[in-house]
Every structure is written in C-alpha cells, then in structure tokens.
Amino acid sequence: LLPALARAQTEQQALVDRATLAVQEVMSDNDPQAFVRLLKRSRAVLVCPRIFRAGFFVGGEGGGCVLSARDGAGSWSSPAFMALGSGSVGLQVGVSDSQVVMMIVTEKGLNAILDSQFKFGADAQIAVATVGAGIEGATTAAVGADIVTWSRSRGLFAGAALEGSLLAARSEWNKAYYGRDVSPRQIVIGMEVHNPGADPLRQILMQFGTP
C-alpha cells in the first residue's frame, strides 16, 4: 500500500511541478503585465501543463489539470486535480502541444467547474474567452468573460480546440495526494487539506496574483 501511495504522490507531484512551471512560461510567452493584471482579478486558476491535440482528439497528459482558488485574504489553496476528457473539435486538424492557464474570473465560472462535469462550449451562461496578443486583446477578451484562457503552444492551437472537452474531478488523485477522500470544493473553497509539495505553485500565484 505504501509504495503504491508513494508512486501516486510522485505522479501527482510531477503534475503540480509542471503546473508551476507552466504558469511562469505562459505568463512570459504572453503579455506579462496583462497576465498579472487579470490574475489579480481572478477567483481561481486552472492550469493544464500539457494539452495535446491530434486530428479530432483533445486530451490532457499526466492527470490533466490542477485547480487552485483564492480566499478573501489573498491566500491560494492547494490544488485539486482535474481530468480533461477528449471531445470533438469539429473540422480542425493538425497536431499541437500546449500549456494552458485558465483564469476563472467570476464566482459563477468557478461554481460551474466545481459542479460535477463541465463541458466547454456547452453552458451558454458561462462565457469563455481566449486572449490574443497584447494588452488590448487581453482587456477586450476579459470584458464579461467568466473564464479567460491563455496558452503557450508548439503547433497551432486555438481556444476552439477545447470545445466539447469535459473537465471533471480526478477523485483518486485527490485522495492519494491528501491522504483522504476530499472533493475539489473542499480543497479549493474550504481549504480543508494541504500538501507542502504544492507550496511553490501557491507561492507563485500569491506573488503575481494577490491584489
């Protein structure tokens, strides 16, 4: 049991470490000032260190994504693990490999992600915007958006590539990382659990995302 738990935590820690690096790289690859300004306004952040797309398939490697939210005092939670499921991407073709940071600006957007499965493009009440280059693009995209997506890509990637993809809690990873059954809402809203391995991710979010 202990070796299995250690392996699980190693896998999960690797994903958290990649997410920490992804925040830095996506920020540097876009407009850092606009990125930081929007991060300071965000209620939560979903980091997907690697989203790959080939033809009609979208998926997340290594468990998918991690979700962290901020409380009223400006402290960021330890991450909840989320799985990104495959979905149709229409007629788009080609191959891409992308790091994605989704800034969840509103409470409505965070609740949509936390309430069971969230399907990109399926909820008309949740506005998802993709940021273009430059401050003006970021400012325009963020107006009225519940979730704003930033990406750093090798190959062609567009926000539409996420259309139809399902995001859901990865319960077994959360249990292994924190040592007990715990829901994403308990992790990021209640902040009931903590793993010191996530401190570098929390610190970079606090460094750049505290108003």
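**What about the pattern of salt bridges?**
And then number 1: If you walk through the whole model with that rule in mind, you get six salt bridges.
And then number 2: Notably, a salt bridge pairs Asp115 with Arg185, separated by 2.9 Å at the nearest N-O pair. With Asp115 in the loop between helix H3 (107–114) and strand E6 (118–119) and Arg185 in helix H6 (residues 184–188), this pair connects stretches of sequence that are 70 residues apart.

**What to know about the packing of aromatic side chains**
And then number 1: Overall, the coordinates contain four aromatic pairs when judged by the stated rule.
And then number 2: Residues Tyr177 and Tyr178 carry aromatic rings whose centres are separated by 5.1 Å and whose planes lie at 80° to one another, so their mutual orientation is edge-to-face.
And then number 3: For Tyr177, a relative accessible area of 3% translates into the label buried.
And then number 4: Tyr178 sits in the buried class, given a relative accessible area of 12%.
And then number 5: Through a chain of ring-to-ring contacts, the aromatic side chains of Phe81, Trp173, Tyr177 and Tyr178 assemble into a single cluster.

**Comments concerning the confidence of the model for the protein chain**
And then number 1: In this model, the protein chain carries a mean pLDDT of 79, and residues with pLDDT of at least 70 account for 73%.
And then number 2: This model gives residues 89–93 a pLDDT under 50, and the stretch forms 15 contacts once residues within four places in sequence are excluded.

**Regarding unusual backbone geometry**
And then number 1: Backbone geometry at Met191 places phi at a positive 50°, although glycine is not the residue there.
And then number 2: Within the secondary structure, Met191 sits in the loop between H6 and helix H7 (199–209).

**Remarks on the pairing of strand E4 (residues 80–85)**
And then number 1: Sheet topology places strand E3 (residues 65–69) next to E4; three bridges connect them, and they run antiparallel. In the strand pairing of E4, Leu67 is matched with Ala80.
And then number 2: Pairing of E4 with strand E9 (residues 166–169), which is carried by four bridges, proceeds in the antiparallel orientation. Note that in E9 the partner of Leu84 across the bridge is Leu167.

**Some points on H3**
Side chains of residues three or four places apart in an α-helix project in the same direction, reflecting 3.6 residues per turn.
And then number 1: Of the positions making up H3, those classed as buried are Gly109, Leu110, Ala112, Ile113 and Leu114.
And then number 2: Two residues or fewer past H3, Ser116 is found with a positive phi of approximately 50°.

**Structural notes on the state of the cysteines**
And then number 1: Per the stated rule, a full pass over the model turns up one disulfide.
And then number 2: Covalent S-S linkage joins Cys48 and Cys65, the inter-sulfur distance amounting to 2.1 Å. Disulfide Cys48-Cys65: torsion about the S-S bond near 95°, hence right-handed. Placement of the pair is Cys48 in strand E1 (residues 44–54) and Cys65 in strand E3, with a sequence separation of 17 residues.
And then number 3: Classification of Cys48 as buried rests on a relative accessible area of 0%.

**Quick word on the packing of helix H2 (residues 32–41) against H7**
And then number 1: Axis separation between H2 and H7 bottoms out at 8 Å; the angle between their running directions is 100°. Between H2 and H7, the interaxial angle falls into the category roughly perpendicular. In this structure, H2 uses Val36, Leu39 and Lys40 to contact H7, whose residues at the interface are Leu205, Phe208 and Gly209.
And then number 2: Class assignment for the residues of the contact of H2 with H7 results in four nonpolar, one polar and one charged.

**Some words on the side chain of Ser68**
And then number 1: In this fold, Ser68 is placed in strand E3.
And then number 2: A distance of 2.7 Å separates the side chain of Ser68 from the backbone oxygen of Ser77, its partner in a polar contact.
And then number 3: Beyond its immediate stretch of four places on either side in the chain, Ser68 contacts Ala44, Val45, Trp76, Ser77, Val188 and Leu205.

**Overview of the pairing of E3**
And then number 1: For E3, the buried fraction is high: five of the five residues fall into the buried class.
And then number 2: Side chains Cys65, Leu67 and Ala69 of E3 all project onto a buried face; the interleaved residues Val66 and Ser68 project onto the opposite face, where all are buried too.

**Notes on the nonpolar core**
And then number 1: Judged by nonpolar contacts, the single largest core of 58 residues is most densely connected at Phe35, Leu46, Leu67, Trp150 and Leu167.
And then number 2: With seven residues, the single largest contributor to this core is helix H1 (residues 2–29).
And then number 3: Those residues in contact with Phe35 that sit more than four places away from it in its chain are Val23, Val26, Met27, Val101, Met103 and Trp150.

Rules used throughout
- Residues numbered from 1 in each chain as written.
- Predicted model: local features only at pLDDT ≥ 70, side-chain atom pairs only at ≥ 80, totals over all residues.
- Heavy atoms only, no water.
- Salt bridge = Lys/Arg side-chain N within 4 Å of Asp/Glu carboxyl O.
- Helix = DSSP H or I, 4+ residues; strand = E, 2+ residues; numbered from the N terminus.
- Phe/Tyr/Trp six-rings, centres within 6.5 Å; stacked < 30°, edge-to-face > 60°.
- Buried < 20%, exposed > 50% of the residue type's maximum accessible area, 1.4 Å probe, protein only.
- pLDDT = per-residue confidence, 0-100.
- Contact = heavy atoms within 4.5 Å.
- Pairing = 2+ DSSP bridges.
- Disulfide = S-S within 2.5 Å.
- Axes fitted to C-alpha atoms, helices over the stretch in contact; angles between N-to-C directions.
- Parallel < 35°, antiparallel > 145°, perpendicular 65-115°, else oblique.
- Nonpolar A, V, L, I, M, F, W, Y, C, P; charged D, E, K, R; others polar.
- Polar contact = N/O pair within 3.5 Å; in protein donor to acceptor, adjacent residues only side chain to side chain.
- Core = buried A, V, L, I, M, F, W, Y, C linked by side-chain atoms within 4.5 Å.

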